[in-house]
Amino acid sequence: MADVQSLDFRIEPSSTPVPAAQRTQLLEDPGFGTLFTDHMAIIRYSEAKGWHDAAIQKRESIAMDPASSVLHYAQEIFEGMKAYRLSDGATALFRPEENARRFADSARRMAMPVLPEDMFLQSVERLVDLDREWFPSVEGGSLYLRPFMFASEVFLGVRPAKEYLYLVLASPAGGYFKSGASAITIWVSQDYSRAAPGGTGAAKCGGNYAASLVAQAEAIEKKCDQVVFLDAAEQRWVEELGGMNLFFVMDDGKLITPPLTGTILPGITRKSIMTLAREEGLEVVEQPYAIDQWEADAASGKLVETFACGTAAVVTAVGTVRSSKGEFTIGSGGPGQLTQRLKNRLVDIQRGLAPDEHNWVKRLF
Ligand SMILES: *Cc1c(COP(=O)(O)O)cnc(C)c1O
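If you're wondering where the values come from, they're calculated on a predicted model, not measured in any experiment. (Residues numbered from 1 in each chain as written. Predicted model: local features only at pLDDT ≥ 70, side-chain atom pairs only at ≥ 80, totals over all residues. Heavy atoms only, no water.)

Overview of the site of the ligand
Close to the ligand lie 15 residues; Lys204, Tyr209, Glu240, Thr269 and Thr311 are nearest. Note that an oxygen atom of the ligand is positioned 2.6 Å from one of the side-chain N or O atoms of tyrosine 209. Between a nitrogen atom of the ligand and a side-chain N or O atom of glutamate 240, the distance comes to 2.6 Å. Relative to its unbound accessible surface of 380 Å², the ligand loses 97% to contact with the protein. Of the residues that constitute the shell around the ligand, the class distribution is 4 nonpolar, 7 polar and 4 charged. (Near = heavy atom within 4 Å. Polar contact = N/O pair within 3.5 Å; in protein donor to acceptor, adjacent residues only side chain to side chain. Areas by Shrake-Rupley, 256 points an atom, 1.4 Å probe, with all protein chains shown as cover. Nonpolar A, V, L, I, M, F, W, Y, C, P; charged D, E, K, R; others polar.)

See the structure below:
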């Protein structure tokens, strides 16, 4: 089945692309997640044929039977990555093989077939190639890529499906948070958990997001930008935001991030920040950090900064932490120096403005 190492992609350019003038106008203010390019990648899987029918084709609706398994049991996984324009005009991806590997890990956790990493990379690269006119003209803009896979088998029995659809969408994006470069306020979810020991917290699956939305709605009601989840067992240890990992900057040069024990999504931005911070001479430790400690350290000044990170917003300062018991401010309440420095270092590497010593940037064309 999954031992087919490469597949030929049919390349079928759309006969009805968005006219150039309209596209240019749309790209001036792309927002996030609402604008899409002309094409998509698609690969089918069935137990009988393995991976087959790979194509880059026009973006269009997909017909689904109402009994498609994903609509009932949520067997679905996804990835999030960006294609960038480098300062020299070339187009690049950031550590795409990490996304390919994580997609495979997520598939295994959700009892889905593993898409060979080479096919994942090809699907993304060929789509970016065909939609190369869709890079936003705005500062900090990128082409956000959304590979995903779901159970398409028409069957209501409860077991891993035998048919799947893998797709990649491309969406021109400006910034992620409306507040731009300022610090965000986060809401501590005390009634809802995102992930539990033995659960799917480390897999990038839609179900984790579904589980987080009621807490996210609560956060919005409390005028917060994001939710921070605590561990499900003790409601004590800080885990992560709904879609970003957390770092705590201490006054002695220590950088703390919660360990990957299976309930936290292993972020590629997290991993990159850990490498860059060590290069800056910081002591990076993966250790549990309690919510009460967070508040106490913020009050005493032992904690000087907190930031969240992920592909969409890269690095975002956390200024205020709010809960039903009250709130506390971190540092000045705005982006701290180290947060800013690490963000700049990462963004400079991603944009080709700083040397890429770790070979993180994959140039496409
Ligand atoms: C995708 C995601 C992240 C960030 O991962 P990156 O690879 O850095 O984009 C963090 N937490 C959750 C829950 C996620 O889904």
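Section: the domain arrangement of the chain
One frequently used descriptor of interface size is the decrease in accessible area upon assembly of the parts. Per the domain assignment, the segments making up the chain are domain 1 (4-173) and domain 2 (183-350). Relative placement of domain 1 and domain 2: their C-alpha centres are 28 Å apart. On the side of domain 2, 19 residues touch domain 1, which itself brings 19 residues to the contact. Note on domain 1 versus domain 2: buried area summed over both sides is about 1,700 Å², and carbon and sulfur give 60% of it. Looking only at domain 1, the three residues that lose the most surface to domain 2 are Phe78, Phe94 and Arg102, adding up to 35% of its buried area. Connecting domain 1 to domain 2 are 1 salt bridge. In this structure, glutamate 98 and lysine 271 form a salt bridge, with 3.1 Å as the shortest nitrogen-oxygen distance. The interface formed by domain 1 and domain 2 holds 11 residue pairs in polar contact (both at pLDDT 80 or more) in total. Elements with a minimum of two residues in the side of domain 1 that touches domain 2: strand E4 (76-78), strand E5 (81-85) and helix H3 (96-109). (Domains from an automatic or database assignment. Contact = heavy atoms within 4.5 Å. Buried area = accessible area lost by both parts, 1.4 Å probe. Salt bridge = Lys/Arg side-chain N within 4 Å of Asp/Glu carboxyl O. Helix = DSSP H or I, 4+ residues; strand = E, 2+ residues; numbered from the N terminus.)

Things to note about empty space enclosed by the protein
Counted according to the given criterion, the structure contains 2 cavities of 30 Å³ or more. If you add up the space inside the largest cavity, you get close to 100 Å³. Lining the largest cavity, in full, are Gly80, Met81, Lys82, Tyr84, Phe94, Asn99, Ile268, Thr269, Gly310, Thr311, Val314 and Gln350. When residues in the lining of the largest cavity are grouped by element, the largest group, 3 residues, is from E5. Residues of the lining of the largest cavity, tallied by class, amount to 5 nonpolar, 6 polar and 1 charged. No fewer than three residues from each of domain 1 (4-173) and domain 2 (183-350) sit in the lining of the largest cavity. (1 Å grid on protein atoms, 1.4 Å probe; cavity = no way out; pocket = protein on both sides within 12 Å on 5 of 7 lines; lining within 4 Å. Points joined across faces, edges and corners; volume = space filled by probe spheres on them.)

Side note on the side chain of serine 69
Tracing the sequence through the fold places serine 69 in the loop between strand E3 (50-58) and helix H2 (70-73). Discounting residues that sit within four places of it in the chain, serine 69 has contacts with Ala74, Ala151, Glu153, Phe155 and Ala161.

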